[in-house]
Amino acid sequence: STMSAKTSSGGEEEASGMRNETLGEAKRRQVIRVAYVIAALDLTLLFMQFGVMPYLAKSLGLDSVGFGYLQTIFGVLQLVGGYIFGRFADQFGARAALILSCASGSIFFLLMSLSTSIPLLFLSRLPGVFMHGMPGAQKVITDVTTPSQRAGALGKLGLCFGVGIIAGSAMGGVLSTKFGIYVPTYVGLVGSLINTLIAMVWIPSQTKPKSDHHIKEHSDLFSIREILRLMKFPGVKEVFIVKVFAGLPIGLFMIMFSIISMDFFGLEAVQSGYLMSYFGVLQMVVQGLVVGKLTNHCTEMTLLRLSVFVFAGVGLGMALMRTVWHYCIIAVPLVFAFSMLATITDSLLTKAVPSSDTGAMLGICASVQPLTRTVGPTIGGVLYKQFGVSSFGYLQLMVNLGLFVYLLKSKIPLGEMKSQ
């Protein structure tokens, strides 16, 4: 089954023509769909556990400081694991990586369901080091799409994220209140096992095109030299800097959000949950409808500049906001900029490195968020205590104005090509 060869830029596209030899068009579509299912289920279970975790920790007698440590440990594990996971995916294939992720998830929920004491609860975080369903799914999609289809296909993964937030938050709340605090962990265990099976049965062991199999000799899975080597490819460093810093101040705000929504907005837990669901719905609408449409019409550099510019505006709005309604309005451009930035930077970065390195690159990308989660509580806490909520907004404004100028000045040598 041959794919109608799209006339398009660069030799990478031609290499991607090989992809049909490995996987037919219909099979490819099916693999992408399966990747979406795995990601959606994985994220639903993850958000379900995020929702239940504070209550479980409290019931075991862990105070807020201890809970902070618990979050930080999970963040650090995910941070270290993200890159190792990406390298693992490059060396052993996306299928092996997804199976590893889902199996780790199963062990994670098993240990969590047995957590009757605080040390056990901390122990249950350990498998988190290999729980990377999202990067795993991104890797599958990167392997089976041509560069021109990539931004669109990766963008749709954001839908899975929205589904995960909404379904997961709701399920966690309902299951734990109706049936008991440990029930979500049993559901998580069963769900992860099902996910492992799906990955084993429906993801082919060979997702990369044949032409890409000049795999490097099995070097160690974690090396700083490797990371630095990837950063040397043209355009990678610049795009990565934007990826890390553009959303950082808002990331800090999000980490502090549970406290801010209580203190600053005066919300109860239930209302806070509704607000999260509203975010999930927004994310789905934006990722599903807006991002894909725009990637077809504009060059990726234009969209990158646009999202940074919108982010600066969001910063100004946040500095001036006073009520939760203001926040609901600001949330629209906020989610737009977040989704656009994430999709475009992932897409640009995977195109900027050779296809044998896409897993490692996606692994590094995936570690941006845990990095925020690791340092965030400390910096966010100081900002909030010393300068109040508006400080997040002003910081966001300044950082993004700086990045906007940086983007206009720097000639990022990435083929100015439409994604389609």
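Just so it is clear, the model here is predicted, and its values are computed rather than measured.

Chemist: Pulling in residues and values, what's your account of the overall build of the protein chain?
Modeler: Summing up its helical and strand segments, the protein chain has 19 helices and zero strands in all. Taking all 420 residues of the protein chain together, 54% fall into the buried category. Of the contacts made within the protein chain by residues no fewer than 6 positions apart, 86% connect residues no fewer than 24 positions apart. About 18000 Å² of surface is accessible on the protein chain, with carbon and sulfur atoms providing 71% of the total.

Chemist: Pulling in residues and values, what's your account of the nonpolar core?
Modeler: The tendency in soluble globular proteins is for nonpolar side chains to be buried side by side. Among the nonpolar cores identified, the biggest contains 59 residues, and Phe-253, Tyr-327 and Phe-392 are the most heavily contacted of them. Excluding residues within four positions of it along the chain, Tyr-327 makes contact with Phe-253, Met-254, Phe-257, Phe-265, Leu-275, Phe-279, Met-321 and Leu-334. Core analysis: the next-biggest nonpolar cluster, separate from the first, contains 27 residues, Ala-94, Ile-99, Cys-102 and Ile-165 among them.

Chemist: Kindly report on the pattern of salt bridges, identifying the contributing residues and their values.
Modeler: Think of it this way: side chains of opposite charge can pair up when their charged atoms draw near. Tallying each qualifying case throughout the model produces seven salt bridges. Put simply, Asp-357 and Arg-229 hold a salt bridge, and the shortest N to O gap is 3.0 Å. Of this pair, Asp-357 sits in the loop between helix 16 (324-352) and helix 17 (358-366) while Arg-229 is found in helix 10 (residues 224-231), placing the two residues 128 residues apart along the sequence. For Asp-357, a relative accessible area of 3% gives the class buried. On the accessibility criterion, Arg-229 (30% relative accessible area) is partly exposed. Salt-bridge contacts for Asp-346 lead to Lys-243; the nearest nitrogen and oxygen are separated by 2.8 Å. Of the two residues, Asp-346 is situated in helix 16 and Lys-243 in helix 11 (residues 236-246); the sequence distance between them amounts to 103 residues.

Calculation notes
Residues numbered from 1 in each chain as written. Predicted model: local features only at pLDDT ≥ 70, side-chain atom pairs only at ≥ 80, totals over all residues. Heavy atoms only, no water. Helix = DSSP H or I, 4+ residues; strand = E, 2+ residues; numbered from the N terminus. Buried < 20%, exposed > 50% of the residue type's maximum accessible area, 1.4 Å probe, protein only. Contact = heavy atoms within 4.5 Å. Areas by Shrake-Rupley, 256 points an atom, 1.4 Å probe, with all protein chains shown as cover. Core = buried A, V, L, I, M, F, W, Y, C linked by side-chain atoms within 4.5 Å. Salt bridge = Lys/Arg side-chain N within 4 Å of Asp/Glu carboxyl O.

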